[in-house]
Amino acid sequence: MAQDYVVLNEKNENGLIAINKTVFKSIAEISIDDIENAIRVPQARFTKPLTVKVDDNQLHITADIKVKYGANVAATCELVQNKIYENIVFMTGFKPADVTVNVIDFEI
């Protein structure tokens, strides 16, 4: 069974500090909304445009986005990747193993 959380420090006399993967998903959604030419794909019944996986205490994020027509796709994807990575590190102190951005459509 997959983990639902990332352990930030090992258990000691004060307890265990862990962050649920839904927190990372929320941070990634906010990060995508901050980029001007990137549009978050809404979650539908059988699609998950933003997935967060925790495997051996490593965080893997995959985001599907739409890019506004006329924008530089490579630059937009790089901005989204960097923004997600930086916000997660800034807000949680945990470094994701990888952040993957897939362009699935263009917004006209």
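Residues numbered from 1 in each chain as written. Predicted model: local features only at pLDDT ≥ 70, side-chain atom pairs only at ≥ 80, totals over all residues. Heavy atoms only, no water.

- As recorded by an unreviewed UniProt entry, the protein carries the name Asp23/Gls24 family envelope stress response protein and is attributed to Solobacterium moorei F0204.
- Quoted straight from UniProt, the Sequence similarities (unreviewed entry) entry for the protein says "Belongs to the asp23 family." (UniProt positions renumbered as here; feature names shortened; annotations may be inferred.)

Things to note about the packing of aromatic side chains
So, step 1. According to the stated counting rule, one finds one aromatic pair in the structure shown.
So, step 2. Note on phenylalanine 24 and phenylalanine 94: the rings are 6.3 Å apart at their centroids and 50° apart in plane angle, and the pair reads as tilted. With phenylalanine 24 in helix α1 (residues 21-34) and phenylalanine 94 in the loop between α2 (73-92) and β6 (98-107), this pair connects stretches of sequence that are 70 residues apart. (Phe/Tyr/Trp six-rings, centres within 6.5 Å; stacked < 30°, edge-to-face > 60°. Helix = DSSP H or I, 4+ residues; strand = E, 2+ residues; numbered from the N terminus.)

Description of the pattern of salt bridges
So, step 1. For the structure shown, the criterion picks out four salt bridges.
So, step 2. Aspartate 33 is paired through a salt bridge with arginine 40; the nearest N and O atoms lie 3.1 Å apart.
So, step 3. Aspartate 33 sits in the partly exposed class, given a relative accessible area of 45%.
So, step 4. As a salt-bridge pair, glutamate 107 and lysine 66 come within 3.8 Å of each other at their nearest N and O atoms. Linking glutamate 107 in strand β6 with lysine 66 in strand β5 (residues 58-68), this pair joins segments that are 41 residues apart in sequence.
So, step 5. In this structure glutamate 107 comes out as partly exposed when scored by relative accessible area, which is 32%. (Salt bridge = Lys/Arg side-chain N within 4 Å of Asp/Glu carboxyl O. Buried < 20%, exposed > 50% of the residue type's maximum accessible area, 1.4 Å probe, protein only.)

Comments concerning the pairing of strand β2 (residues 15-20)
So, step 1. Of the strand pairs in this sheet, strand β1 (residues 5-12) and β2 are connected by five bridges, and their pairing is antiparallel. Bridge pairing in β2 places asparagine 12 opposite glycine 15. (Pairing = 2+ DSSP bridges.)

Let's talk about the side chain of threonine 76
So, step 1. On the secondary structure map, threonine 76 appears in helix α2.
So, step 2. On the accessibility criterion, threonine 76 (3% relative accessible area) is buried.
So, step 3. Among the polar contacts made by the side chain of threonine 76, one reaches the main-chain carbonyl oxygen of asparagine 72 at a distance of 2.7 Å.
So, step 4. Those residues in contact with threonine 76 that lie beyond four places of it in its chain are Ile35, Asn37, Ala38, Val67 and Ala71. (Polar contact = N/O pair within 3.5 Å; in protein donor to acceptor, adjacent residues only side chain to side chain. Contact = heavy atoms within 4.5 Å.)

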